[in-house]
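As a plain string of letters, each chain reads:
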Amino acid sequence: MKTFYIASGTQQSLLLILLFLSLLLSLFLTFIAFTGHCDKSKKYLNLQVSIILFALLVILTDAFTQINGGTAARIPLHVPMWLLWSAMGVTDFLLIRELAELNRLRGQVISRNSVKQAIDLLPSGICYFSPSGAVRLCNMQMYRLFRSLAQSDLQNLCELKKALAECDSGGGIIRLSEDRQTYLFPDGRVWRYRQNEVTDEDGITYTEAIFSDVTELYHKKMEFKEQIKKLDKISQELRRLSENVLTLTKEKEVLSAKTKLHDSMGAGLMAIRQVLQQNQTEESEAAIELFRRAVSTINNDNQYHAEPGQLEKFMMDAEAIGVKVNLTGDLPEQEEIRNVMLLAMRESMINGVRHAGAGKLWVELQENGYYTSIRITNDGTAPRSKVVPKGGLHNLQRHVTDLGGTMEIQSKPAFVLTVTLPISKEETE
C-alpha cells in the first residue's frame, strides 16, 4: 500500500497544491454562505469542510517538511494515496458545483442596484423617504419632475412638499386640482401626485411619493366637458322645439274646436232659414239647439279678458265642444310642469270625445311637496282593448319622460290617465 510518506516528491507536491487550492475555494464559499441568505445547515457544512481541509493541509505539509529534512513525521497518517486523491477529487467536484450554482443564482438575486435600475425604467416618478424625511430610493423621473418644480435636486420630503405648495408662484407649473393634486407641467403633460406610508419587514415606516402621468385622462376629460356643453345646447334646442310642438298642438285643437263651432252655427242658420220658410223638422230643432249653444259659447268667450290664461282657454275650448270639466286641485306654478298637465287634460278631452263620446271630464290634481300628479277620467265608453300610446298620447309621454316623470294608462274598467312629475326643489324654494 503506497502512502503519502513513500510517494514521490512530485506526487506529494501536486497533492499539497491541490489541497491548498481546495481550501481557498472552500473558505470563499464559506464566506459567501455566511454573508448571504443561505441555509444554516449549508453554512456549517462549508465551515466543517474548510476545517477538515485546513487540518489535512497542516498535517501533510508538516510531513512533507520532515520527510525532505530526513526525519520521521511527527503525526503519522497511514492513508493510501489513491484514497487521498479520490477524496480530493470528490471534494473539488462538490466545491466547483456549488460555485457554479452560486454563480447561476447570483443573476436571480435582487440587489440594490437591480432595484434602482428597475424603478429608473418606470414612466412614473417614484421616491421613498426614510422616517426622518431623507431620500432612500428615488428614480430618474422623480428627479426630473422635482427639478422642474424647484430648479434643484431633491434631498428630503420637506423640499418636495414645499415645492408642490408653491408651484403656482413661478416655474410655469399650474395646479389643476387641489383635492386630486393634479399639476400641469410646461411640457404639456399632466401629473397626479399621491403619498402613501409603507412599512418594511423590520417595522420601519417609509413615505412613498409617486407622480403618475394622467395626461391622456386629462385631455379625455376636457373633451368630455366640451361634449357635455354641446349636448346642453342641443337639449335646450330640443326643449324649445318641444315647446313649439306644444303650442302648435294646442292651436290645432283650438282650430278644431272653432271649426266645430262654425259648423254648428252654419247648421243653426240653415235651420232658422227652414223655420222661416215654414218647413220645420226635428233635425231643424236639433240644429237650432246647437246654434244656441254656439252663440252661448261666443257670448261667454266675450266675457273673458282679452288675454285669458291657459287654463281658461282650455275651459273655453271644453265648453265649445260640449264637455263639462270637473277640476279638483290647483295647477302647479312651475311652467314646464303646468304645460304638460294642460297637454294631458287637452289630450284626454279630445280622445274622450272622439273615441268614447264623453260629455264629462274629471280632473284631479295633487301635490305632496316632492311630486305633483294629475288623474283624468271621463264618462265615456270604456276602451275595448288596452290603450297603447300613439299620436297625441305618445307626444305627451315623451314630454313626461323628458321631465323625469311617469305616465300610466288604465283601460279597464274605465279609462284613467295618471301623470306624475317631480317638483324641482329650486322652484319650490
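Quantities reported herein were computed from a predicted structural model and do not represent experimental measurements. (Residues numbered from 1 in each chain as written. Predicted model: local features only at pLDDT ≥ 70, side-chain atom pairs only at ≥ 80, totals over all residues. Heavy atoms only, no water.)

Enquirer: What's the story with the confidence of the model for the chain in this structure? I'm lost.
Expert: For the chain, the average pLDDT comes to 80, and 79% of its residues sit at 70 or higher. Mean pLDDT values for the elements of the chain range from 44 in helix α12 (residues 425–428) up to 93 in strand β6 (residues 205–213). Scored below 50 in pLDDT, residues 302–308 makes four contacts in the model with residues more than four places away or belonging to other chains. This model gives residues 425–429 a pLDDT under 50, and the stretch forms three contacts once residues within four places in sequence are excluded. (pLDDT = per-residue confidence, 0-100. Helix = DSSP H or I, 4+ residues; strand = E, 2+ residues; numbered from the N terminus. Contact = heavy atoms within 4.5 Å.)

Enquirer: Is there a simple way to think about the pairing of strand β5 (residues 190–199) in this case?
Expert: It is a general feature of regular strands that their side chains alternate between the two faces of the sheet. With three bridges joining them, strand β4 (residues 182–184) and β5 adopt antiparallel strand pairing. Across the sheet, the residue bridging to Thr182 is Arg192, located in β5. Counting the residues that bridge the hairpin from β4 to β5 gives five residues, and of these Gly188 lies at a positive phi of roughly 90°. Of the pairings in the sheet, the one linking β5 to β6 comprises nine bridges and is antiparallel in character. Bridge pairing in β6 links Gln195 to Ala209. What sits between the antiparallel neighbours β5 and β6 is a turn of five residues, in which Gly203 has the positive phi angle 85°. (Pairing = 2+ DSSP bridges.)

Enquirer: Got a minute to help me understand the packing of helix α9 (residues 310–320) against helix α10 (residues 335–356) in this structure?
Expert: In a pair of packed helices, the angle between the axes and the distance between the axes together describe the arrangement. One way to put it is that α9 packs onto α10 with a least axis distance of 11 Å and a crossing angle of 5°. The orientation of α9 relative to α10 falls into the category roughly parallel. For the pair α9 and α10, contact is made by Gln310, Leu311, Lys313, Phe314, Asp317 and Ala318 and by Leu342, Met345, Arg346 and Met349, respectively. When the residues that make up the contact of α9 with α10 are grouped by side-chain class, the tally is six nonpolar, one polar and three charged. (Axes fitted to C-alpha atoms, helices over the stretch in contact; angles between N-to-C directions. Parallel < 35°, antiparallel > 145°, perpendicular 65-115°, else oblique. Nonpolar A, V, L, I, M, F, W, Y, C, P; charged D, E, K, R; others polar.)

Enquirer: I'm lost on α9 in this one. Help?
Expert: Given 3.6 residues per turn, any residue in an α-helix points the same way as the ones three and four places further on. Buried within α9 we find Leu311, Phe314, Met316, Asp317, Ala318 and Ala320. Just downstream of α9 lies Gly322, where phi reads positive at about 80°. (Buried < 20%, exposed > 50% of the residue type's maximum accessible area, 1.4 Å probe, protein only.)

Enquirer: Help me understand the pattern of salt bridges in this model?
Expert: As a working rule, side chains carrying opposite charge can pair if their charged atoms are close by. Evaluation of the coordinates by the stated rule reveals three salt bridges. Notably, a salt bridge pairs Asp153 with Arg147, separated by 2.3 Å at the nearest N-O pair. Accessibility expressed as a relative area gives 41% for Arg147, which makes it partly exposed. For Glu178, the salt bridge identified is with Arg175, shortest N-O distance 3.2 Å. (Salt bridge = Lys/Arg side-chain N within 4 Å of Asp/Glu carboxyl O.)

Enquirer: For this particular structure, what's the right way to read the nonpolar core?
Expert: As a rule of thumb, soluble globular proteins bury nonpolar side chains together. Met345 and Leu396 are the most contacted members of the largest nonpolar core, which has 29 residues in total. Put simply, the parts of the chain that give this core at least two residues each are α9, α10, β8 (360–367), β9 (371–378), α11 (392–402) and β11 (416–422). Beyond its immediate stretch of four places on either side in the chain, Leu396 contacts Val340, Leu343, Ala344, Met407 and Leu417. By size, the runner-up hydrophobic cluster in this structure holds 20 residues, among which are Leu145, Leu149, Trp191 and Ala209. (Core = buried A, V, L, I, M, F, W, Y, C linked by side-chain atoms within 4.5 Å.)

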